Structures are given as C-alpha cells and as structure tokens.
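These are the residues of each chain, in order.
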Amino acid sequence: MPEKATEVTAAGIARLAGVGRAAVSNWRRRHTDFPKPVGGTETSPTYPLAEIERWLRDQGKLAEVPLRERVWQQLDGHPAGIPAALRTAGALLLLLRDRPESRPSLSAASDAELARRLPAELGSVLADRLGDRHPVHTIGRETIAASIPLLRAVADLAAELGERQAYEFLTGRYLDANPRQYTLTPAAPAELMAELAGPAATVLDPACGTGSLLRAESTAEVLCAQELDEDLAALTALRLALGTDAQVRVRAADSLRADAFADLRADAVLCHPPFNERNWGHDELAYDPRWEYGFPARTESELAWVQHALVHVRDGGTVVVLMPPAAASRRSGRRIRADLLRRGALRAVISLPAGVAPPYSIPLHLWVLRRPGTGAQPSPHLLVVNTAGGHTAGADKPPWQSVRAAAAQAWRSFDRHGTVPDRPGVSRAIAVIDLLDDDVDLAPARHLPPPAGAGGPDRLAEVRDRLARTLHRSAELAPAPTRAGEPARWPTTTIGELARAGALVLRVGGSGTAAGAGAAAGKDAPPVLTEHDVVAGTGPTGALPDGPAEEPVLTEAGDVVVPVLGRGAVARVVDEAGAGAALGRNLYLLRPDPAALDPWFLAGFLRGTANNRQASSYTSTSTRLDVRRLQLPRLAPADQRRYGQRFRTLAAFEDALRLAGQLGEQLVQGLHDGLTDGTVRPE
C-alpha cells in the first residue's frame, strides 16, 4: 500500500455504505475478508480507503462512491491534516471562482505543471481577495504536489455544486466532527443581528469564529474579522471570500490583547464573544484606553468585548453583541452598565428564547449599542424586548419567525421615534433615570408590564369550557379491555426481514438541506418533523439547514415514524396534515406496503414494552432502539385491520389526554397569573 494512501474510519465506512456503525462492526466480525486496520487506535482504527471501496463493491454494498464522500475521504487522509488541506482546497476554489478562465488550463495541466504553477496563482488570488496579511499563508510547491489528487477532486466537486457550496460542504463536515472545539453561531440569530445593525459598508467581527455573523451581512463592501485560532481564521477568511464580493480582511490573533484593527472605525460591529472567560487579559490590560466606560472586573469579560466593539465603530455606528443574561444583572458590572446608559451608548436589550444559540440551555440577550457622537444628547430611554412573548417556562418555544419579527419591529420603531408604546410582556421603552439604582438591572423580564393573565377572565372561561369538553371526550374514548385471554403464541417476523422482503421501506432521517428540498419540490423548503415533535404529538417545528443541495426524506400519509434514542415505546402514524414534512435526526421512517401491512397495526405493535426492551441497546447515558430488530406478528390482513382499528382508538384517546393536560396547565397558570395581577377576583 502507498505510504500516504487515504485511510477511513468506521464512521466513514458507514457513510459510504449508507448504514449505521453497528453494521460495520458486524461486517468486521462476520467476514474474514474484511480489510484489516492500518492505523488509528485500538478503539478507533482506520482502514485503507481503496480496499474498503473494493470490498464494499464486491459485497454489493456500494455501487459508486459519491463524489463528495470521495473528496472528503481524500481531505480527511491528507498527510498535512484536515485544516491544512482545507486551506489548500479553499484557495483553489477561490481561484476557480474569481478567475474562471483558469479552469480549462488547470484541467489539462499535468501534475508536475500544476505543482509548478499553482503556488504563484493561488498566492496571487489570495492576496487580491484577502490582503497581504491574510491567515491562509503561502501554499508551497511541496504542499501542492502532495495535494494534486485532492485538488483535482475538489475542482470536480466545484463543477457539480459550485465553489461556495463545495467549500461549505467540506468545512461543514469538518466543523460537525469537532463540535466541542468550536462555538458556532446559528444562521437565524446571525441574520437577526445583521438586521438590527442595518446597512453598513464596513463591518467588523472581533471574535469571528466560523464567520457566521459576517456571512449574514449582505450589503457590506468590506468585511473585517479577527479570530484567536489560526486554523479557524484561515477557514473563515476563505468562506467569506467564497461567499461574497466584498473585501475580506481576517487576522489571526487575540482581539483584546493584540488588536489587529486598532485604527478601524467601522460602520457596524457584530460580535458573539466567548462567555465567562476569566483569562481575557484583566491583569495586563488594566490601563488600556478602550475602557471608556470603566475597567471590567475579571468576571466581566463580556463587558470588555462590548467596550472593545464600541471603540471600533464610527460616531453613530451600531454594535450588536450576543450576551449571556447574567451580564445584564451581575453586581460586578453595574458601574459599567450605568455609564453605558448615562452616555447613551446602550440603546436596547433584547431577550431571546432558550435554544437559539450556544449555550442552548439559557435565554441569551442581544445588546444593541450606538457610539455617542461628539456633542450628541444621550438617549433618555432604553428599549427592552422579550421575544418569547406570552410563552411561559416549560412551554414550546415560539417559532423563530415571531421572535425575529418582535425584535426587529420593536428596534426599528424605537430607533426611528426614540420610544415605543408599551406592549405588555413584549416591549417597553424605559426611562434611563429609572434604571440607575443600586443594581442597574437590565433584564427585560424585570421591567416589562406583565400581560393580562392568559388573556383575561373571558379567555380563561373559554379555556375552561374547552377543557370540560376535552375531558368529556376523553371519558368517551377511554377504552375498556375486552375478555381476558392467554398470551399469544403467533409466529413473528422482524422489521429488518419485512424491509428485505419489500413489505415496507425503511428510511433514516437527518439528511437533506433547504437547497435540496427546494430543488426537489420546486418550492420553499418543508418544515422538519423532529424527535421532540414525534414524542410530544405536535406538528413539524424544525427547519432544514443550509448547505449543498441534498434531498431530504419527506413523509407521506400512512408512514410510521419511530424515534431511536431513549424515548421508550413511541411510534406515530403520519396523517394527511403531517405529510410532506422532512424527517429529522434520530428518527426512522417505515413506509408499509398497504397490500401487506396496515400502518396502525404496525405502529401499535412497535409500541409494545417487551418488543422495545428486546430491541434496545444501552450505554452508560442513553438507550438506543434498533428498529430492524423490532418484531411483528404474522397476521392476515383482516386481523391486522382489527388490531389497527383498536390501536387507532387508543391513539385518539392519548391525543385527548395530552390536550386535556395542556389545557389544564394553561387554566391553572392563567388563574394564578390573573389572581396575582388583579385581573381575576377571588370571589
């Protein structure tokens, strides 16, 4: 085998064959001709890619390796490592994007000629787009020579997907494989932050990470960014250059300790700084001139980033910073918060629902700031917004569209008029003088007038009447057991056997992108049926990610959907209202042949406790269901329909109970709120 042949892990083999890792483990044990490991570790061995492909084809498990998987495996096995390979691949894609006339000559050139020509050509295009001090560094002849097969494959992938989408696929796969190393800002809050900042010609992100915030800025002519991690800075520079025609200036250094843009005064600054960072430079930066509003305490690194951002915008420029909620109320930061208010720099604090950005367990805040101009009068008001609206803790989070609309509309109105009318529970313009107390607490929830208890007494009466009707229907639907019988001894089969026989189709969720869904359906991307939706019995609430066009699995009426991670006995039959949704992660879809299987019969038997127990595997922290091992009795179609009708009745009863519980919680909380705010009287 060649010394530098590409190797692949068990996870990579599973992706190539479209199976789970358990299947790869079974192949290793059952087939003596399965290729032997050539590297890795005892717990995570690696195998020669060429031999794995040959073995999969011989076994009939692989018709052809998809081009994107082939490129990824070559990149994963690059001798210089994935980050270096991504830099080289990204530079070539930038050359193809900005100088498309070079494509024919690159395709026709020999390996030796490419190794000779590309260093100068890549260096030229990188300098044109990224400036002289870019973090990608010089790509030498030896690196090019070792990367020729990869670069030819990357060029083919670009012809298939486009340069930008090809690089998004490769970097996305790398970032997904290292989730603990990098903090990613999702596209939705990034777009909201860019919208709050407004049109800007020059935009800076001093803690750019993967560049999500700057990629959301569609109007900028110059994008400036700084990132501590040198590899990530290089990848971000290439992502930005491939995704926009703006000038891109990215530097690799610590923004607080080694500011690479000290003289920059941008039109806007967007920032998602690291939270709760104690080693941010407190000791060595005590006399730094950036602390116009006060020297931050060691525990207030976020306030150091806020002041750093304000220094880098022109007078009247806008700063939008994603902040942890504690920064609005910690006593150690009250003096800086007070000075930001007094001088009119802090204009709005917007509370987001939990789960929109990491860390996902807490509801983050957006701070919107403006650099005060010389002689300008400070704003007498601060806008506070709660984008969760009337949603209470424990309830389903509101849809992102309503979150974005609430934040953007409130800010636009406040920015135009200097104040907004009070919207109970949603938004309010507070006089700054009322906030300058001993705490200077800026948390929106503490300053918003509460909404009327669940809509007032009339609305609570409607909830009570609906609850009464639902309880009555639950009682009517409550099934009574029929005659007792002996445990059945019928012959059984498994889901895996039924799939092999063609009685049902088994599909795995989690794949697909918005672009792929739009191309497949010729319309907007469908919503995603998530694992939580299946368990809670709700409609689809998820959204497809961006990325290269990849068609998702779409549900149809009569499909049976089963979650596989630690959810117990759950199976759901898709109705007409839920058809057309994309299948989310950790879900299996079973599509029975109506001539062979009744869907309600199938779903009902899949929920049996004993059935789930024998098909489950356990780790120290979770339970995983092997859907293929679930069993089903061999019954005639007429008997299947009898059982199916019974299971359908049970499902209706379960839905009624779920609705009654939700209405009961709503009524109880509404009465508590009404009694405590005075809208409901005890008599």
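Residues numbered from 1 in each chain as written. Predicted model: local features only at pLDDT ≥ 70, side-chain atom pairs only at ≥ 80, totals over all residues. Heavy atoms only, no water.

K.L.:
Mind showing me how you'd approach the pattern of salt bridges here?
P.N.:
Here the structure, examined in full by the defined rule, presents 38 salt bridges. Glutamate 163 is the partner of arginine 103 in a salt bridge, and the nearest nitrogen-oxygen pair spans 2.6 Å. Within this pair, whereas arginine 103 is found in helix H6 (residues 103-108), its partner glutamate 163 is found in helix H9 (residues 163-176), the two being separated by 60 residues in sequence. A residue is classified by how much of its surface remains accessible, and arginine 103, at 25% relative accessible area, is partly exposed. (Salt bridge = Lys/Arg side-chain N within 4 Å of Asp/Glu carboxyl O. Helix = DSSP H or I, 4+ residues; strand = E, 2+ residues; numbered from the N terminus. Buried < 20%, exposed > 50% of the residue type's maximum accessible area, 1.4 Å probe, protein only.)

K.L.:
Looking at this structure, how should I read the side chain of threonine 171?
P.N.:
Among the secondary structure elements, threonine 171 is positioned in helix H9. Owing to a relative accessible area of 1%, threonine 171 belongs among the buried residues under this scheme. Here the side chain of threonine 171 touches glutamate 168 through a polar contact of 3.4 Å, landing on its backbone oxygen. (Polar contact = N/O pair within 3.5 Å; in protein donor to acceptor, adjacent residues only side chain to side chain.)

K.L.:
Even after reading the chapter, I still don't get the confidence of the model for the chain, so can you show me in this structure?
P.N.:
Predicted coordinates in regions of low pLDDT should not be interpreted in detail. Of all residues in the chain, 93% have pLDDT values of 70 or greater, and the mean over the chain is 87. Counted against residues more than four places away or in other chains, residues 391-395, with its pLDDT under 50, gives three contacts. (pLDDT = per-residue confidence, 0-100. Contact = heavy atoms within 4.5 Å.)

K.L.:
Mind showing me how you'd approach the side chain of asparagine 612 here?
P.N.:
Looking at the element boundaries, asparagine 612 is found in helix H22 (residues 609-614). Among the polar contacts made by the side chain of asparagine 612, one reaches the main-chain carbonyl oxygen of leucine 606 at a distance of 2.7 Å.

K.L.:
What exactly am I supposed to notice about the sheet that holds strand S6 (residues 247-252) here?
P.N.:
Strand-to-strand pairing in sheets goes through backbone hydrogen bonds, with the strands running parallel or antiparallel. With mixed pairing, nine strands are arranged side by side in an open sheet as S6-S5-S4-S7-S8-S10-S9-S11-S12. Of all the strands in the sheet, the pair left with one neighbour each is S6 and strand S12 (427-431). Strand-to-strand, the axes of this sheet are offset by a mean angle of 15°, without reference to chain direction. When strand S4 (residues 202-205) meets strand S5 (residues 222-227), the two strands line up parallel, connected through four bridges. Looking at S5, one finds that valine 203 is bridged to leucine 223. Each of strand S7 (266-271), strand S8 (313-323) and strand S10 (365-370) is contacted by helix H13 (residues 301-311), which is oriented at about 155° to S8, the strand it contacts most. Along the sheet, helix H14 (residues 334-342) contacts strand S9 (346-351), S10 and strand S11 (381-386); its crossing angle with S10, the most-contacted strand, is approximately 45°. (Pairing = 2+ DSSP bridges. Axes fitted to C-alpha atoms, helices over the stretch in contact; angles between N-to-C directions.)

K.L.:
Please explain the state of the cysteines as it appears in this structure.
P.N.:
Any covalent bond linking the sulfur atoms of two cysteines counts as a disulfide. According to the stated counting rule, one finds zero disulfides in the structure shown. Unpaired in terms of disulfides, cysteine 224 finds its nearest cysteine sulfur in cysteine 208, a separation of 11 Å. Between cysteine 271, a cysteine without a disulfide, and cysteine 208, which holds the nearest cysteine sulfur, the sulfur-to-sulfur distance is 9.8 Å. (Disulfide = S-S within 2.5 Å.)

K.L.:
How should the packing of helix H5 (residues 82-98) against helix H12 (residues 230-243) be read in this particular structure?
P.N.:
The packing of two helices is summarised by the inter-axis angle and the distance between the axes. Running from amino to carboxyl end, H5 crosses H12 at an angle of 20°, the nearest separation of the two axes being 10 Å. Comparing their axes, H12 and H5 come out roughly parallel. Seen from above, H5 lies across H12 with left-handed handedness. For the pair H5 and H12, the contacting residues are Pro83, Leu86, Arg87, Gly90, Ala91, Leu93, Leu94 and Arg97 in the first and Asp231, Ala234, Leu235, Leu238, Ala241 and Leu242 in the second. Tallied by class, the residues present in the contact of H5 with H12 amount to 10 nonpolar, one polar and three charged. (Parallel < 35°, antiparallel > 145°, perpendicular 65-115°, else oblique. Left-handed = near helix turned anticlockwise from the far one by under 90°. Nonpolar A, V, L, I, M, F, W, Y, C, P; charged D, E, K, R; others polar.)

K.L.:
Looking at this structure, I do not really get unusual backbone geometry. What am I missing?
P.N.:
Backbone phi values are negative for most residues with the exception of glycine, while trans is the configuration of most peptide bonds. Looking along the chain, the bond that leaves proline 358 and enters proline 359 is cis, with omega of -5°. Summarising the element assignment, proline 359 is placed in the loop between S9 and S10. One non-glycine residue, asparagine 586, adopts positive backbone phi at about 60°. By the secondary structure assignment, asparagine 586 is in the loop between strand S18 (582-583) and strand S19 (587-592).

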